[in-house]
Amino acid sequence: MASRLMWASRAAFHLRISVFNRGFATVLKDLKYSDSHEWAKVEGGSVTVGITDHAQDHLGDVVYVELPEVGSSVTQGSSFGAVESVKATSDLNSPVSGKIVEVNEELSSSPGLVNSSPFENGWIIKVELSDSGEVGKLMDSERYSKFCEEEDAAH
Amino acid sequence: MATLFETRKLGLPLMNLIRLEGLPILKQLHLEEELFRTSKDNWCIINDGTDDPTIVMGISGKPAELLDIKPVLHDEIPVIRRFTGGGTVIVDPGTIFATFICNKEAVPGLQPYPRPIMSWSSLIYEQVFQGIGNFRLCENDYAFGDRKFGGNAQSITKRRWIHHTSFLWDYDARNMSYLRLPKRAPEYRMARDHMEFICRLKDYLPRSTFINKTVEALGTHFSLESVVYEADKDPSAIKFMPTTRQLTREELEEALSATDLENCPAQYASL
């Protein structure tokens, strides 16, 4: 624990940033969440997917979104695309398995929507669910909030 | 791959160290991408110089925006799009590369996001440059004062991250003319052209000293194990398909045509 705080504090001093992140990120009640910080909005057999407010805050300004092809398959927990921010590409992982039926083309010209509207206009893909049982493996809003708190406290 | 020697230190996570010299940058990036995506180990790759001048763009790089395409085509400079984020560099024998590939748990307490990873790597280089120049992480670049000498980029998955850096040991000023001033530039650049913005690492310390001190600094965080890299694998044994690739001449010509059309629409209106 001491070593974690030591290097974080040293780095923060040099970068002149706060060691601790901004207050609690927004978590919407009716969504489901993965441990890699994607959200899923389940509407019958269709699931809309994006990244959470917690994720976009930690990633920084998104400058590019690598979108998958419509018609391609996704598997729960596996990568389907990436976002670029602060000179880094970060994988996007699907919270469910199925077939991609729509991608948010707006993100090609306006990748910043992921930051400004992570739960609405910044949605990334829509999936035709292949196994509804998988939704049960995701976290609800309460569990996800706790998960984020624990993750941030551990670092 | 044969193990040359081990310097196992109790309590430190293991990291495999590959030391290369003059490996073509495309091969280096393919090696990195494969180790990043398929290995479960931690790796450090150091490539002391590459071969012919080559332009390397980040994943979202657009040639029309970042390059002066006409001379690039005329002089047949290869253009590569790599799998990590970040900006555009032109690399040659004067460039030294250092890459860290780590599992999430390799650095205790490190969150797998861009800024924390960059903060951690800057502490490694702080050890390297202690007492040398005015080293700092300047808006995500490695700089002495306000002069950049190292550009870095990253890629992050659920369980691993890669942070790779190209250091300007030396450079040919003529090569910089292939690169345009990018739209997305750090504030501290203040619209300076390349010659006013960058500096040469060779003005600060000997080449071998830099490489050795980097390995030494890494050795305080990891137990390093040297590994030999076999450059020429049997193609039939290659199973991993990297996304990093060289752009074709056709792609560059298309980008140039699109730029010309945008700049001179009247010229094309009657066609």
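Each chain has its residues counted from 1, running along the sequence as written. Going through the entries in the order they are written, you letter the chains from A and number the ligands from 1. Reporting of local features is limited, given that this is a predicted model, to residues whose pLDDT is at least 70; pairs of side-chain atoms are given and counted only at 80 or more, and all residues count toward the totals for whole chains, interfaces and linings. With hydrogens and water excluded, all non-hydrogen atoms of the structure serve as input to the side-chain values.

(A) View of helix H5 (residues 141-153) of chain A. Residues and elements named next belong to chain A. Over its 13 residues, H5 extends 18 Å from the first C-alpha to the last, a length consistent with the 18 Å expected when each residue adds 1.5 Å. When accessible area is computed with a 1.4 Å probe and restricted to protein chains, residues below 20% of their type maximum are described as buried, those above 50% as exposed, and intermediate ones as partly exposed. Helix and strand definitions here come from DSSP, where helices need a minimum of 4 consecutive H or I residues and strands a minimum of 2 consecutive E residues; each element is numbered from the N-terminal end. The set of residues buried in H5 consists of Ser-141, Tyr-144, Cys-148 and Glu-151. All buried residues of H5 fall inside an arc of 85 degrees around its axis, so they share one side. Of the exposed residues in H5, those oriented more than 90 degrees away from the buried face are Glu-142, Arg-143 and Ala-153. Here a residue-residue contact requires only that any non-hydrogen atoms of the pair lie within 4.5 Å. Buried-residue contacts for H5 involve strand S1 (32-33) and helix H2 (53-59). By the criterion applied in these results, polar contacts are pairs of N or O atoms within 3.5 Å in which, for protein atoms, one can donate a hydrogen and the other can accept it, and in which residues neighboring in sequence qualify only through two side-chain atoms. Near the N-terminus of H5, the side chain that reaches the backbone nitrogen of Glu-142, with its oxygen 3.2 Å away, is that of Asp-140. Multiplying 1.5 Å by the residue count of a helix minus one yields the expected span of that helix. Regarding the arc, it is the one traced by the directions from the helix axis to the C-beta atoms.

(B) How the structure looks around the interface of chain A and chain B. Taken together, the 33 residues of chain A in the interface contact 31 residues of chain B. By buried area we mean the combined loss of accessible area, with a 1.4 Å probe, across both parts when two parts are placed together. A buried area of about 2700 Å², summed over both sides, lies between chain A and chain B, and 56% of it is on carbon and sulfur atoms. We count a salt bridge whenever a side-chain nitrogen from Lys or Arg sits within 4 Å of a carboxyl oxygen from Asp or Glu. Taken together, chain A and chain B are joined by two salt bridges. Residue Arg-37 of chain B pairs with Asp-91 of chain A through a salt bridge whose shortest N-O separation is 3.0 Å. In this structure, the connection of chain A to chain B is made through 15 residue pairs in polar contact (both at pLDDT 80 or more).

(C) Up close: unusual backbone geometry. All names here are of chain B. Backbone geometry at Glu-76 places phi at a positive 55 degrees, although glycine is not the residue there. With respect to the secondary-structure elements, Glu-76 resides in the loop between helix H3 (69-74) and strand S5 (79-81). The phi angle at Asn-140 is positive, at roughly 80 degrees, despite the residue not being glycine. Positionally, Asn-140 belongs in the loop between strand S8 (135-138) and strand S9 (141-144).

(D) Looking closely at the UniProt feature "domain: Lipoyl-binding" (unreviewed entry) in chain A. UniProt positions are given in the numbering used here, feature names are shortened, and annotations may be inferred rather than shown by experiment. Mapped onto the present numbering, the UniProt feature "domain: Lipoyl-binding" (unreviewed entry) falls at residues 46-128 of chain A. Overall, residues 46-128 of chain A shows 18% helix and 43% strand. The separation of its end C-alpha atoms is 5 Å.

(E) Fine view of the packing of aromatic side chains. Aromatic rings from Phe, Tyr and Trp, taking only the six-membered ring of Trp, are treated as a pair when their centres fall within 6.5 Å; an angle between ring planes under 30 degrees marks them as stacked, one over 60 as edge-to-face, and anything in between as tilted. Within this structure, the stated rule accounts for 22 aromatic pairs over all chains. Ring plane angle 35 degrees and centroid distance 5.1 Å describe the contact between Phe-129 of chain B and Phe-135 of chain B, whose orientation is recorded as tilted. Given a relative accessible area of 3%, Phe-129 of chain B falls into the buried group. We classify Phe-135 of chain B as buried; its relative accessible area is 13%. Here the basic side chain of Lys-126 of chain A rests over the ring of Trp-123 of chain A, its NZ or CZ set 4.7 Å away from the ring centre. Note on geometry: a ring has a charge over it if NZ (lysine) or CZ (arginine) is within 6 Å of the ring centre and within 35 degrees of the ring normal. Lying over the aromatic face of Tyr-171 of chain B, Arg-200 of chain B brings its terminal NZ or CZ to 3.9 Å of the ring centre.

(F) Representation of the UniProt feature "modified residue: N6-lipoyllysine" (unreviewed entry) in chain A within the structure. Feature annotation in UniProt assigns "modified residue: N6-lipoyllysine" (unreviewed entry) to the following positions: Lys-87 of chain A. For Lys-87 of chain A, the position within the fold is in the loop between strand S6 (79-85) and strand S7 (88-93). Under the relative-accessibility criterion, Lys-87 of chain A is labelled buried at 17%. In this view, Lys-87 of chain A contacts Gly-85, Gly-86, Asn-140, Asp-141, Asn-152, Ala-153 and Gln-154 of chain B; residues no more than four positions away in its chain are not counted.

(G) Layout of the sheet that holds strand S2 (residues 38-43) of chain A. Residue and element names in this part refer to chain A. Strands pair, by our definition, only if DSSP identifies at least two bridges between them. Pairing is antiparallel in the open sheet, where six strands are placed in the order S1-S2-S3-S9-S8-S5. The sheet terminates laterally at S1 and strand S5 (73-74), the two strands that pair on one side only. Bridge analysis of S5 against strand S8 (residues 98-103) gives two bridges, and the strand direction is antiparallel. By the bridge assignment for S8, Ser-73 is matched with Lys-99.

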